[in-house]
Amino acid sequence: MRRVFTLGLAFVLLAWPHGFHAQTEAQAPTTDEASLKNAKQARAVLDQMVQALGGQAWLNMKNVERQGQVAAFFHGRPDAGTTEYFEYHQSPDHDRIEYTKHRDVVQFYVGRTGEEVTYKGKAALPQEQVDDYLRRRDHSIETVVKTWLNDPKTILIYEGQRLAERHLADQVTLISADNESVTIQMDTQTHLPLRRTFQWRDPLYKDKNTDAEEYDDYHDMEGFPTAFTISRYKNEDEIRQYYLVHVKYNQELPADFWSVDAAEKRIKK
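Quantities reported herein were computed from a predicted structural model and do not represent experimental measurements.

From N to C terminus, the protein chain includes 6 helices and 14 strands. Sorting the 269 residues of the protein chain into buried and exposed places 40% on the buried side. Within the protein chain, residue pairs in contact and separated by at least 24 positions form 44% of the contacts whose partners lie at least 6 positions apart. Total accessible area computed for the protein chain in this model is approximately 16,400 Å², and 53% of it derives from carbon and sulfur atoms.

What follows concerns the side chain of Arg232. With respect to the helices and strands, Arg232 occurs in strand 13 (residues 224-234). Overall, the relative accessible area of 6% leaves Arg232 in the buried class. With sequence-adjacent residues up to four places away left out, Arg232 is seen in contact with Asp132, Arg136, Asp211, Ala212, Glu213, Asp237, Glu238, Ile239, Arg240 and Tyr242.

Bridge count between strand 3 (residues 83-90) and strand 4 (residues 94-99): 6 bridges; the pairing is antiparallel. Bridging across to strand 4, Tyr88 finds its partner in Arg96. In this antiparallel pair of consecutive strands, strand 3 and strand 4, the connection spans 3 residues. Here 6 bridges tie strand 4 to strand 5 (residues 105-110), and the two strands are oriented antiparallel to one another. Across the sheet, the residue bridging to Glu98 is Val106, located in strand 5.

Ranked by internal contacts, the top residues of the largest apolar core, which has 43 residues, are Leu46, Met49, Val172, Leu174 and Ile184. No other element matches the 7 residues that helix 2 (residues 31-53) contributes to this core. Listed in part, the 6 residues of the second largest apolar core include Val106, Phe108, Val117 and Ile267.

A separate point is helix 2. For helix 2, spanning 23 residues, the distance from its first C-alpha to its last is 33 Å, which sits close to the expected 33 Å at 1.5 Å a residue. Gly54 occupies a position one or two residues after helix 2 and carries a positive phi of about 140°.

Right, let's talk about the pattern of salt bridges for a bit. Overall, the coordinates contain 16 salt bridges when judged by the stated rule. Lys62 is the salt-bridge partner of Glu252, the closest N and O atoms lying 2.8 Å from each other. With a gap of 190 residues between them, Glu252 in the loop between strand 14 (237-249) and helix 6 (260-268) and Lys62 in the loop between helix 3 (56-59) and strand 1 (63-74) connect regions that are remote in the sequence. Under the relative-accessibility criterion, Glu252 is labelled exposed at 68%. Between Arg112 and Asp138 there is a salt bridge, with its nearest N and O atoms 3.0 Å apart. Here the residue Arg112 occupies a position in the loop between strand 5 and strand 6 (113-118), and Asp138 occupies one in helix 4 (residues 127-138), the gap between them amounting to 26 residues. By relative accessible area, Asp138 is classed as partly exposed at 27%.

Inspection of every chain in the model, using the stated rule, returns 5 aromatic pairs. On the numbers, 5.5 Å between centres and 70° between planes, the contact of Tyr85 with Tyr242 is edge-to-face. Here Tyr85, found in strand 3, pairs with Tyr242, found in strand 14; they are 157 residues apart in sequence, far enough to count as distant. You can call Tyr85 buried: its relative accessible area is 3%. Its relative accessible area of 18% is what places Tyr242 among the buried residues. Summarising the aromatic geometry, the rings of Phe257 and Trp258 are spaced 5.1 Å apart at their centres and angled 90° between planes, so their arrangement reads as edge-to-face. Per residue, the accessibility class of Phe257 equals that of Trp258, and both read buried. The ring of Phe257 has Arg96 lying over it, and the distance from NZ or CZ to the ring centre is 4.3 Å.

What counts, and where the lines are drawn
- Position numbers for residues count from 1 along each chain, tracking the sequence in the order it is written.
- Residue-level local features of this predicted model are given only where pLDDT is at least 70; pairs of side-chain atoms are given and counted only at 80 or more, and the full residue set underlies all totals for whole chains, interfaces and linings.
- Computation of side-chain values covers all heavy atoms of the structure but excludes hydrogens and water.
- Secondary structure elements are taken from DSSP: a helix is a run of H or I of four residues or more, a strand is a run of E of two residues or more, and numbering for both begins at the N terminus.
- Only protein chains enter the accessibility calculation, which uses a 1.4 Å probe. A residue is then buried if its area is under 20% of the maximum for its type, exposed if over 50%, and partly exposed in between.
- The contact criterion used throughout is that any non-hydrogen atoms of two residues lie within 4.5 Å.
- The method behind every accessible area is Shrake-Rupley, applied with a 1.4 Å probe, and residues are considered shielded solely by the protein chains displayed.
- Here the rule is simple: two strands pair whenever DSSP picks up at least two bridges between them.
- Residues enter a nonpolar core if they are buried and are Ala, Val, Leu, Ile, Met, Phe, Trp, Tyr or Cys, with the set joined through side-chain atoms within 4.5 Å.
- Given the number of residues in a helix, its expected span is that number minus one, multiplied by 1.5 Å.
- When a carboxyl oxygen of Asp or Glu is within 4 Å of a side-chain nitrogen of Lys or Arg, the pair counts as a salt bridge.
- For this analysis, a ring pair means two rings from Phe, Tyr or Trp (six-membered ring only for Trp) whose centres lie within 6.5 Å, classed as stacked if their planes differ by under 30 degrees, edge-to-face if by over 60, and tilted for the remaining angles.
- Two thresholds decide whether a charge sits over a ring: the Lys NZ or Arg CZ must be within 6 Å of the ring centre and within 35 degrees of the ring normal.

Right, dumping it as structure tokens:
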């Protein structure tokens, strides 16, 4: 009798771990399921950000004009004085920036080109400067939302909560089909963006650089929450700070507004 009991117990002990393991495997989510759940959470956080920025009206925005002052920094210290500027952006790839009180220095970034107009006439901007501007535009929050999010090959990763600008923020990283990535931190209460970061490799030295923008001092302008302080960083060193004083949306611009030749004629008068 004892032998029968012993054999039975041994059989149960041998069978039990295998059955328990199979049951645990069935209950544990697979890697694909966990990734899908994480991507859904990332998408939900980004959708909240879009709604906070103005929802469908923000997505359909024609153009924006920003007026303010820009200060340059070197090794964390501001240069003397600021420069007045007027910046126009028309989605997806038209940008015009006018500098000085007289607005007699005008830079155009239209498509993949960059040109400048001064009293001397028009000239192509240095390629390094054009590359820097286009790189930031290609990784802007607007481009990420309107282009990257519409590509089914884009990977979304929710990375939890972090501190950004002394605010608790949800952090999401997007990886494009071209293996480019952007990280956005959004205020957990307002859902507005606080920081945008991406990395790029220097074509000459091959080392990685980090480009970041921080957004602060939001004001409601024509129904669109707008950051009036924008700080730019390169490798964690602050290099520019923009202080806005006025913002307009969806203006009717002149037919020749994006014409470099028209700007040249105006400035030479």
